[in-house]
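Given next are the chains, with one letter for each unit.
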Amino acid sequence: MNAAPALALAIVISGRGSNMVAIAQACARGQLAARVALVIADRRDAGGIALARQLGLEVAVIPAREYAGRAAFEAALRDAIEASGAQLVVLAGFMRILSPQFAQHYAGRMLNIHPSLLPRFPGLHTHARVLAAREREHGASVHFVTGELDAGPVVLQARVPVLPGDTAASLSARVQQQEHIIYPRAIGYIAAGRLRWTAAGPEFDSRPLREPLVEGQCT
Ligand code: GAR
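A brief structural summary. Owing to the predicted nature of the structure, the values given are computational and were not obtained by experimental measurement.

The rules behind these values
Residues numbered from 1 in each chain as written. Predicted model: local features only at pLDDT ≥ 70, side-chain atom pairs only at ≥ 80, totals over all residues. Heavy atoms only, no water. Axes fitted to C-alpha atoms, helices over the stretch in contact; angles between N-to-C directions. Helix = DSSP H or I, 4+ residues; strand = E, 2+ residues; numbered from the N terminus. Parallel < 35°, antiparallel > 145°, perpendicular 65-115°, else oblique. Left-handed = near helix turned anticlockwise from the far one by under 90°. Contact = heavy atoms within 4.5 Å. Nonpolar A, V, L, I, M, F, W, Y, C, P; charged D, E, K, R; others polar. Pairing = 2+ DSSP bridges.

### Comments concerning the packing of helix H1 (residues 18-28) against helix H6 (residues 168-191)
In contact at an axis separation of 9 Å, H1 and H6 are set at 45° when each is read in the N-to-C sense. By the angle class used here, H1 and H6 are oblique. For the pair H1 and H6, the crossing hand works out as right-handed. Residue-level inspection shows Ser18, Asn19, Ala22, Ile23 and Ala26 of H1 in contact with H6, the latter providing Gln176, Glu179, His180, Tyr183, Pro184 and Ile187. Broken down by class, the residue content of the contact of H1 with H6 amounts to six nonpolar, four polar and one charged.

Now the structure itself:
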């Protein structure tokens, strides 16, 4: 019997691209049944562009600032995704707000990773805000993207402690280490058919996913 064909991914980045690299490496190791069809950067200066090319990945640069507006940029983004044959869109440090129409088009076919334990701390500067709020725990969340910013159903989270003396940088490094584990894992669940999007929301192993899976407590 042949193995299921690899799930084709379009990974969309704005910056350093460390999550993109972690996902691409996990695919290359055969850790998940997926392949990177295309890496898209919305900025010419995204550090991840060079890393993706070093990994031999197809790269499209679609500089958002050079388009007349969000609709024109999103049309180009959608064209590139469609042309790549991607089945799942993976936002990995993509720092733009997508229109509800774009999110709707990719409903159930687009994931994001966010550096907090959603629904707590949506938006920007999460590490500094967690420190200012004197939280004892922080983390990262993988969620399906919906029209509302950082509010789609969370499927997998990793938790990290906030330690005495932490700075935003030290906390960010601890969270990112976990991001590099949970993002490939969540994509792998989709590739394996274990995590599925239904009209009623996500299902895991054929049961409604009412609470996010927690890294370290799932296989
Ligand atoms: C990641 O920590 C990701 O969670 C965050 O940006 C970083 C990108 O790092 N995403 C957001 O804040 C989305 N609002 P990377 O470019 O090295 O993957």
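### Overview of the sheet that holds strand S3 (residues 59-61)
Hydrogen bonds between backbone atoms are what pair the strands of a sheet, whose relative direction is either parallel or antiparallel. The eight strands lie next to each other as S3-S2-S1-S4-S5-S6-S7-S11, forming an open sheet whose pairing is mixed. Across the chains shown, the open sheet's two edge strands, defined by having one partner strand only, are S3 and strand S11 (213-214). Bridge count for strand S2 (residues 34-41) against S3 is three bridges, and the pairing is parallel. By the bridge assignment for S3, Ala41 is matched with Val61. Lying over the sheet, H6 contacts strand S1 (7-13), S2, strand S4 (88-91), strand S5 (110-114), strand S6 (137-144), strand S7 (154-161) and S11, oriented at roughly 155° with respect to S7.

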